[in-house]
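Reading the structure
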Amino acid sequence: GEDVEQSLFLSVREGDSSVINCTYTDSSSTYLYWYKQEPGAGLQLLTYIFSNMDMKQDQRLTVLLNKKDKHLSLRIADTQTGDSAIYFCAERGPSGSARQLTFGSGTQLTVLP
Amino acid sequence: EADIYQTPRYLVIGTGKKITLECSQTMGHDKMYWYQQDPGMELHLIHYSYGVNSTEKGDLSSESTVSRIRTEHFPLTLESARPSHTSQYLCASSDPPGLAGYQETQYFGPGTRLLVL
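Every chain begins its residue count from 1, and numbering advances along the sequence as written. For naming, the first written chain is A and the first written ligand is 1, with later ones following in the order written. Residues qualify for local features only when their pLDDT is at least 70, as the model is predicted, and side-chain atom pairs are given and counted only at 80 or more; totals for whole chains, interfaces and linings, by contrast, use all residues. Only hydrogens and water are set aside when side-chain values are computed; all heavy atoms of the structure are taken into account.

1. Things to note about the overall build of chain A
Of the regular secondary structure elements, chain A holds zero helices and 11 strands. A run of H or I in DSSP counts as a helix once it spans at least four residues, and a run of E counts as a strand once it spans at least two, with each numbered from the N terminus. Start at the N end of chain A and walk to the C end: the helices and strands fall as β-β-β-β-β-β-β-β-β-β-β. Radius of gyration: C-alpha atoms only; globule rule: 2.2 Å multiplied by the number of residues to the exponent 0.38. For chain A, the C-alpha radius of gyration of 14 Å lies close to 13 Å, the compact-globule estimate for 113 residues. Reported as C-alpha extents along the three principal axes, the dimensions of chain A are approximately 45 × 30 × 20 Å. Any two residues whose heavy atoms approach within 4.5 Å are treated as being in contact. Across chain A, every contact between residues at least 6 apart in sequence was considered, and the portion connecting residues at least 24 apart equals 56%.

Following this line, the structure appears as structure tokens:
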């Protein structure tokens, strides 16, 4: 079946860049998403990328997609303490498929002062 | 800003009680979802709905049931709560495919943290 994997933990210093990585197995994935979850809260959509793109930038966020290696990354520039949260990678199958989103296990980002 | 609401936010209840977790969205989305998330773990889809009177079971088997009588409302019910049901339950809805392609972003509610004693 489909699988999405992420490393569990990442620590960075305030002001540094953070890079959160994700790998997936389904080559027919159409959209890939990054969600942020703060303690005790639901998931907040940060950004998404269509599978025919290799990069998308939105303010401090840069998403890189290597479709050949099935590797997705989220770079957060100038990381702030408010960025501390769990970041989930998710992928969606092709249009018309019954499959919904498949989520990774999440990466806990800790920003140190 | 997504308009999707869940109540209660926190619930502590005894074994054997019947509970209903509420989820409502005001965006007119046809598709809605329920996920179960244990602390520090990934999300698992337990139910989804394509519209009124449509419900399907998700990837993870669950003893809960859902109903979809109105577009905006997708409640989840546990007939007899057990400690193994202790978890966080997240509701989501998604907008229809965009004209440019099949995007369907899912918007999440704040979640309900359930503790069954």
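2. A closer look at the overall build of chain B
Tallying secondary structure elements over chain B gives zero helices and 11 strands in all. Counting from the amino terminus, chain B carries its helices and strands in the arrangement β-β-β-β-β-β-β-β-β-β-β. Taking 13 Å as the expected radius of gyration for a compact globule of 117 residues, we find that chain B reaches 14 Å, a close match to that expectation. Dimensions along the principal axes, computed over C-alpha positions, put chain B at roughly 50 × 30 × 25 Å. Accessible area is worked out with a 1.4 Å probe on protein chains only. A residue is then buried under 20% of its type maximum, exposed over 50%, and partly exposed in between. Relative to its 117 residues, chain B shows a buried fraction of 47%. Considering only residue pairs separated by 6 or more positions, chain B has 55% of its internal contacts joining residues 24 or more positions apart. The centroid of the 9 positive side-chain charges in chain B is displaced by 8 Å from the centroid of its 13 negative side-chain charges. In this charge count, Lys and Arg are treated as positive and Asp and Glu as negative; neither His nor the chain ends contribute. Here the site of a charge means atom NZ of a Lys, CZ of an Arg, CG of an Asp or CD of a Glu.

3. Points about the pattern of salt bridges
Each salt bridge in this description consists of a side-chain nitrogen of Lys or Arg and a carboxyl oxygen of Asp or Glu lying within 4 Å of one another. One pass over the structure, following the stated rule, counts six salt bridges over all chains. A salt bridge links A:Arg60 to A:Asp83, with the nearest nitrogen and oxygen atoms 2.9 Å apart. You can see A:Arg60 sitting in the loop between β6 (55-58) and β7 (61-66) and its partner A:Asp83 sitting in the loop between β8 (71-76) and β9 (85-92), a full 23 residues away along the chain. Residue A:Arg60 is classed as partly exposed on the basis of its relative accessible area of 32%. Under the relative-accessibility criterion, A:Asp83 is labelled buried at 8%. Salt-bridge contacts for B:Glu79 lead to B:Lys18; the nearest nitrogen and oxygen are separated by 3.9 Å.

4. Some remarks on the interface of chain A and chain B
Counting residues at the interface gives 24 residues for chain A, matched by 24 residues for chain B. Carbon and sulfur atoms make up 51% of the area that chain A and chain B hide from each other, which totals about 1,800 Å². The interface formed by chain A and chain B includes zero salt bridges. For this analysis, a polar contact is any N or O atom pair within 3.5 Å, provided that within protein one partner can donate a hydrogen and the other can accept it, and provided that sequence-adjacent residues contribute only side-chain to side-chain pairs. The interface formed by chain A and chain B contains three residue pairs in polar contact (both at pLDDT 80 or more). Residue assignment for the side of chain A that touches chain B shows that the elements contributing at least two residues are β4 (31-37), β5 (43-50) and β9 of chain A. Of all the elements, β4(A) adds the most residues to the side of chain A that touches chain B, at four residues. Tallied by class, the residues present in the side of chain A that touches chain B amount to 12 nonpolar, 11 polar and one charged. Computed with a 1.4 Å rolling probe, the buried area is the accessible surface lost when two parts are put together, summed over both parts. Note on residue classes: Ala, Val, Leu, Ile, Met, Phe, Trp, Tyr, Cys and Pro are nonpolar, Asp, Glu, Lys and Arg are charged, and everything else, Gly too, is polar.

5. Focus: the state of the cysteines
All names here are of chain A. Pairs of cysteine sulfur atoms within 2.5 Å are what we label disulfides. According to the stated counting rule, one finds two disulfides over all chains in the structure shown. Shown here is the disulfide that connects cysteine 22 with cysteine 89, its sulfur atoms set 2.0 Å apart. One quick way to see it: the torsion about the S-S bond of cysteine 22 and cysteine 89 is about -65°, and its sign makes the bridge left-handed. Of this pair, cysteine 22 sits in strand β3 (residues 18-24) while cysteine 89 sits in strand β9, and the two are 67 residues apart along the sequence. Here the two residues cysteine 22 and cysteine 89 agree in accessibility, since each one is buried.

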